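# Examining the three-dimensional arrangement
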Amino acid sequence: MAVDSVARHRRGYYLYLIPGFLGLILIVIGPQIANFVLSFTAWKGVGTPRWVGAQNYQRLLTDDQFWGSMHNTLFYMLSMTVIPVLIGLVLASLLFDYVRDQFSERLSSFFRAAFYLPQILPLTVAGVLWGWILNPVGVANAILKMVGLGALAQNWIGDATYALAAVSLVIVWVQVGYCLVVFMAGLSRIDPALYEAAQLDGAGWWQRLVAITVPMLAPEIFVVALTTLIAALKVFAPVFVLTQGGPDDATLAPSYLTYFHFFTTQRVGYAAAVSTVQMILTLGLAVIFLVFQQRQAERGV
Amino acid sequence: MAEATVFASNPAKAAVAHAHQARSPMRWLVLAVLLALLVFTLFPFFIALLNAFKPGTDYVRGGPLSIPTYLQFDSIAKFWKDADYARKLFNSTLISVTVSVLAVGISLFNAYALGIGRVRGSTVILAILLLGTMVPQESIIYPIYWMAKTVGLYDTQLSVIIVTAVLHSAFGTYLLSSVMSTFPREILEAAEIDGATRWQTLTKVVIPIMTPTLMVLGTFFFIWTWNEFLIPVVMLVSNNNQTVAVAMGLTRGQNMSDPTLQAAAGLLGILPTVIFFLIFQRTLTRGVVAGAVK
């Protein structure tokens, strides 16, 4: 085919991009730009936005609620990423490298499926269930009383001391399944001969985990870590349902703060500034992710 | 019986396993740890089921772990009626199915141009799309909310459908493009030699071959949309339009004093998910992997 015919040939394909691109511009790019512009204004949602320059960002620097939410985000990164990745690795390795050998493949798949179940539940349903379990007269305290540990009963989600840990627990409960499933799929591409050789050399389960599983799963660990870190920056539904950011902002997340200012206090410009910061942080992680994927693709993985 | 089948292992396999690892008492410790984690994972499901049909007096007397002396269906009926749950299920289904079809369609068109057509700038376009799926919804929600109000689409399911479909299709395009870029060239060339137009190649050649992948993608879109919270909670204010996820998000705290009603609410929220899970278990646990790593 001649070069210009190839070019003409390709041009026809652009037509197929039209619906997707209209949508992208209307729903993602346009609103994103509008939000960025709004972050430099004072606006109550009605009338004309008033240009205030960087004032929203200056206020943000001294806003305890904003810094509190950022501080909490570090905790949410623990419960969205660090703890589930660690539990997921140990579980995946146990199910793949131990339970399958010692018990059966079916038992291993059964465990995998069961651990995955919370992951596909609507977060609000998870919130209703755990809200009921953790409230002062809820299931957790009732059980503590039943076994004679009534003294340990707490207002788990209503007391600022425990609320962040309680919300984190729910997030870990949801997240472990995702890590587990991705890691187990990654394990299935590892050559079983590696494990057999290690076993012949007398390596125990833990040594195989550290020497084979973790290094071989490096790409999966990276992908899971980055996607969940990005998700940690956007924690919203569990906070909305369980604590509404309280008590005393103990569980406040940036997403909830923006939601609160957009739709409750109607400080649209300020909320836009908070969400812009959130967007830039996300974008930073996303770019790292893209560069990594590109490298993987080049290496042909 | 179910337990017996789960535990029964194939004798041939067991022999091989023996050759691999000596069976030690450790295995029971490991199993105990796994079972403890399993109990923790399934506890909320179990406790909701146990209490949703429990008479209030039983709960007061025996607490959340007691076995009900008889079964009552009032809590389920009350939540079903108060929340207008049938309506919510209908709304969630309608929105999720529509989004699923629409988003698969947009993804397919995009991926056809990017993965098979290999139009110039594919890499850049894909990067933009992927970033589009990653930016926080909070940073686009207000302008979308304002636009919807301006054009009269606020509080309509159509607004949620359009926004969600576009957001999901960005991810779908990314996934399908990478699958389609490995589409066998010989088949495409054969279609071209036979005089097929681009549209015919798409509908008569590409779609039939890609159907399994499209079904997986559609399943994911369905469940993601079912679980979507921020967009519907902002866009759908009237009770009649709301989805299951929104109804659940707003029930919070309302029935604090009635534990069996909370159990009933939880159980009704769980039920659709468990049904999807039983139907699509294999698709879901495999598909998530394609989504994460590819």
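Chain B goes by Carbohydrate ABC transporter permease in an unreviewed UniProt entry, where it is assigned to Devosia nanyangense. Heading Subcellular location (unreviewed entry) of the UniProt record for chain B holds this comment: "Cell membrane". Looking at the Sequence similarities (unreviewed entry) heading of the UniProt record, one finds this comment for chain B: "Belongs to the binding-protein-dependent transport system permease family."

Looking at an unreviewed UniProt entry, chain A carries the name Sugar ABC transporter permease, with the source organism given as Devosia nanyangense. As its UniProt record puts it under Subcellular location (unreviewed entry), chain A is described as follows: "Cell membrane". As stated in UniProt under Sequence similarities (unreviewed entry), the record for chain A gives "Belongs to the binding-protein-dependent transport system permease family."

Here we come to unusual backbone geometry. Excluding glycine, residues mostly have negative phi values, and the peptide bonds linking residues are mostly trans. Residues and elements named next belong to chain B. Not every positive phi belongs to a glycine, and Asp84 is a case in point at roughly 50°. Counting through the fold element by element, Asp84 comes out in the loop between α5 (74-82) and α6 (85-116). Judged by relative accessible area, Asp84 falls into the partly exposed class, the value being 35%. Even without a glycine there, the phi angle at Asp155 is positive, about 60°. What makes Asp155 buried here is its relative accessible area of 17%.

Moving on, we come to the interface of chain A and chain B. Taken together, the contact pairs 98 residues of chain A with 106 residues of chain B. Taken together, the links from chain A to chain B amount to 0 salt bridges. In this structure, the connection of chain A to chain B is made through 11 residue pairs in polar contact (both at pLDDT 80 or more). Class assignment for the residues of the side of chain A that touches chain B results in 67 nonpolar, 21 polar and 10 charged.

With that out of the way, let us pick up a nonpolar patch on the surface. Residues Ile25, Ile29, Ile33, Val37 and Trp51 of chain A together with Val124 and Ile128 of chain B make up a contiguous nonpolar surface patch of about 660 Å² in total accessible area. Mapped onto the nonpolar patch, the elements with two or more residues apiece are α2 (18-38) of chain A together with α7 (122-134) of chain B. In terms of residues, the nonpolar patch owes the most to one element, α2 of chain A, which gives 4 residues. Counting through the fold element by element, Trp51 of chain A comes out in strand β2 (residues 50-51). Here Trp51 of chain A falls in the exposed class, since its relative accessible area comes to 58%.

All right, on to helix α8 (residues 138-151) of chain B then. Residue and element names in this part refer to chain B. The first and last C-alpha atoms of α8 sit 21 Å apart over 14 residues, in line with the 20 Å expected at 1.5 Å per residue. For α8, the full list of buried residues reads Glu138, Ser139, Ile140, Ile141, Tyr142, Pro143, Ile144, Tyr145 and Ala148. Just downstream of α8, Gly152 is the residue with a positive phi angle, here 80°.

Residues and elements named next belong to chain A. On domain assignment, one finds that chain A holds domain 1 (4-38) and domain 2 (55-299). The distance between the C-alpha centroids of domain 1 and domain 2 comes to 34 Å. With 4 residues of domain 1 in contact, the opposing surface of domain 2 contributes 9 residues. Interface area for domain 1 against domain 2, summed over the two sides, is near 440 Å², with a carbon-plus-sulfur share of 56%. Area buried by domain 1 at its contact with domain 2 is led by Asn35, Phe36 and Leu38, which between them contribute 82% of it. Where domain 1 meets domain 2, there are 0 salt bridges. Counting the contacts that link domain 1 with domain 2 gives 1 residue pair in polar contact (both at pLDDT 80 or more). In terms of residue class, the side of domain 1 that touches domain 2 is made up of 2 nonpolar, 2 polar and no charged.

Their axes nearest at 7 Å, the elements α2 of chain A and α8 of chain B cross at an angle of 100°. It follows from the interaxial angle that α2 of chain A and α8 of chain B lie roughly perpendicular. Contact residues: Leu26, Ile27, Val28, Pro31, Gln32, Ala34, Asn35 and Leu38 of chain A in α2 of chain A; Ser139, Ile140, Tyr142, Pro143, Ile144 and Met147 of chain B in α8 of chain B. Residues of the contact of α2 of chain A with α8 of chain B, tallied by class, amount to 11 nonpolar, 3 polar and no charged.

On to the pattern of salt bridges. Side chains that differ in charge, positive against negative, can pair when their charged atoms come close. On inspection of all chains with the given rule, the structure shows 5 salt bridges over all chains. With a closest N to O distance of 2.7 Å, Arg208 of chain A and Asp97 of chain A form a salt bridge. One end of the pair, Arg208 of chain A, is in helix α10 (residues 205-216); the other, Asp97 of chain A, is in helix α4 (residues 64-102), and 111 residues separate them in sequence. For Asp97 of chain A, a relative accessible area of 5% puts it in the buried group. In this structure, Arg61 of chain B and Asp58 of chain B form a salt bridge, with 4.0 Å as the shortest nitrogen-oxygen distance. Taken together, the residues Arg61 of chain B and Asp58 of chain B, both in helix α4 (residues 56-62) and 3 residues apart, mark about one turn of the helix.

All names here are of chain B. Under the UniProt annotation, "transmembrane region" (unreviewed entry) lies at residues 28-50, 89-112, 124-145, 157-176, 205-226 and 261-280. Here residues 89-112 is 100% helix and 0% strand, with 34 Å between the C-alpha atoms at its ends. When the span residues 205-226 is considered, its composition is 100% helix and 0% strand, and the gap between its end C-alpha atoms is 31 Å.

Definitions and limits used
Residues numbered from 1 in each chain as written. Chains lettered and ligands numbered in written order. Predicted model: local features only at pLDDT ≥ 70, side-chain atom pairs only at ≥ 80, totals over all residues. Heavy atoms only, no water. UniProt positions renumbered as here; feature names shortened; annotations may be inferred. Helix = DSSP H or I, 4+ residues; strand = E, 2+ residues; numbered from the N terminus. Buried < 20%, exposed > 50% of the residue type's maximum accessible area, 1.4 Å probe, protein only. Contact = heavy atoms within 4.5 Å. Salt bridge = Lys/Arg side-chain N within 4 Å of Asp/Glu carboxyl O. Polar contact = N/O pair within 3.5 Å; in protein donor to acceptor, adjacent residues only side chain to side chain. Nonpolar A, V, L, I, M, F, W, Y, C, P; charged D, E, K, R; others polar. Patch = residues over 30% accessible without salt bridge, like charges linked within 9 Å, V, L, I, M, F, W, Y side chains within 5 Å. Areas by Shrake-Rupley, 256 points an atom, 1.4 Å probe, with all protein chains shown as cover. Expected span 1.5 Å × (residues − 1). Domains from an automatic or database assignment. Buried area = accessible area lost by both parts, 1.4 Å probe. Axes fitted to C-alpha atoms, helices over the stretch in contact; angles between N-to-C directions. Parallel < 35°, antiparallel > 145°, perpendicular 65-115°, else oblique.

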